[in-house]
Amino acid sequence: TPDQIKRVQKIVGTLLYYGRAVDSTLLTALSAIAARQSKGTHAVAEACHQLLDYVATHPDAGIRYHACDMILAVHTDASYLSEPGGKSRAAGHFYLTNKNDEDFNNGAILTLSSIIKHVMSSASEAELAALYYGCKQAAPIRVTLEEMGHPQPAPTPVTTDNITAQGLTMGTMTPKASKSNDQGFNWLKCRNAQRQFKYLWRKGILNRADYTSKHHPARHHQNVRPFYVFDSNELPAQ
């Protein structure tokens, strides 16, 4: 009913800022619900109830930041055909680290989890789209950090777990039949040539954007949640 749809919209609006600012584990579910809220069904209402149960279970999330060299690092990932309508999802994990130490586990300053607008024709194209989405967000963050007095050694490392996406953007593979993704693909190559970004490959288990790129079972949420946020009972008193 219209009243039930309005309630779904209120839930999404209420939790969206909290998800973006603090608890990034909500973002994948929130964006999936938001994409279907205008044509709500009982399944959408049940998803909202499950999300509210999750928030009630973890009511006070926090992010722990550590002192570092303020060097921006980005991980991107995509899940192919994981959303209704043949859509895919792009995700990005943005954090500040030390120079030449990308394994430094610092809290995220931005988390991206959004449905790719267009239907991707392959998994590698979805990964290229995720790289494009992530680097578009990272470009102004680099400028902001430099204006705040934290110079960024060029280029910013951007990690993907798809060897094809990394090879095409770094020029180690020859593109064929790539007309459908020319814009994002050429933009990424251009920024690499300007030494603004460098694209790295690491296997999926080490990709920090994997968590927000797809829907996971409850056990995975329980195992991975402490890596991204800390609940109030786990935070130090000061």
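Residues numbered from 1 in each chain as written. Predicted model: local features only at pLDDT ≥ 70, side-chain atom pairs only at ≥ 80, totals over all residues. Heavy atoms only, no water.

Peer 1: What am I meant to see in the sheet that holds strand β5 (residues 156-160) here?
Peer 2: Hydrogen bonds between backbone atoms are what pair the strands of a sheet, whose relative direction is either parallel or antiparallel. Taken in spatial order, the five strands make up an open sheet running β4-β3-β2-β5-β6, and their pairing is mixed. Across the chains shown, the open sheet's two edge strands, defined by having one partner strand only, are β4 (108-115) and β6 (197-201). Between one strand axis and the next, the sheet turns by 20° as a mean value, whatever way the strands run. Relative to β4, strand β3 (residues 87-97) is paired through seven bridges, and the arrangement is antiparallel. Bridging across to β4, tyrosine 95 finds its partner in alanine 108. (Pairing = 2+ DSSP bridges. Helix = DSSP H or I, 4+ residues; strand = E, 2+ residues; numbered from the N terminus. Axes fitted to C-alpha atoms, helices over the stretch in contact; angles between N-to-C directions.)

Peer 1: Is there a simple way to think about the layout of surface pockets in this case?
Peer 2: Empty space among the atoms becomes apparent when a probe as large as a water molecule is rolled across them. Considering only enclosed or pocket space, the largest pocket measures out at about 590 Å³ in volume. Looking at the lining of the largest pocket residue by residue, the classes come out as ten nonpolar, eleven polar and three charged. (1 Å grid on protein atoms, 1.4 Å probe; cavity = no way out; pocket = protein on both sides within 12 Å on 5 of 7 lines; lining within 4 Å. Points joined across faces, edges and corners; volume = space filled by probe spheres on them. Nonpolar A, V, L, I, M, F, W, Y, C, P; charged D, E, K, R; others polar.)

Peer 1: Explain the packing of aromatic side chains here, please?
Peer 2: Centre-to-centre distance and the angle between the planes together describe a pair of aromatic rings. Summed over the entire model, instances satisfying the criterion amount to three aromatic pairs. A ring pair is formed by phenylalanine 227 and tyrosine 228, whose centres lie 5.2 Å apart and whose planes are at 75°; its orientation type is edge-to-face. By way of ring pairs, the aromatic residues Tyr211, Phe227 and Tyr228 are connected into one cluster. Sitting above the plane of the phenylalanine 230 ring, arginine 64 keeps its charged end 4.0 Å from the centroid. (Phe/Tyr/Trp six-rings, centres within 6.5 Å; stacked < 30°, edge-to-face > 60°. Lys NZ or Arg CZ within 6 Å of the ring centre and 35° of its normal.)

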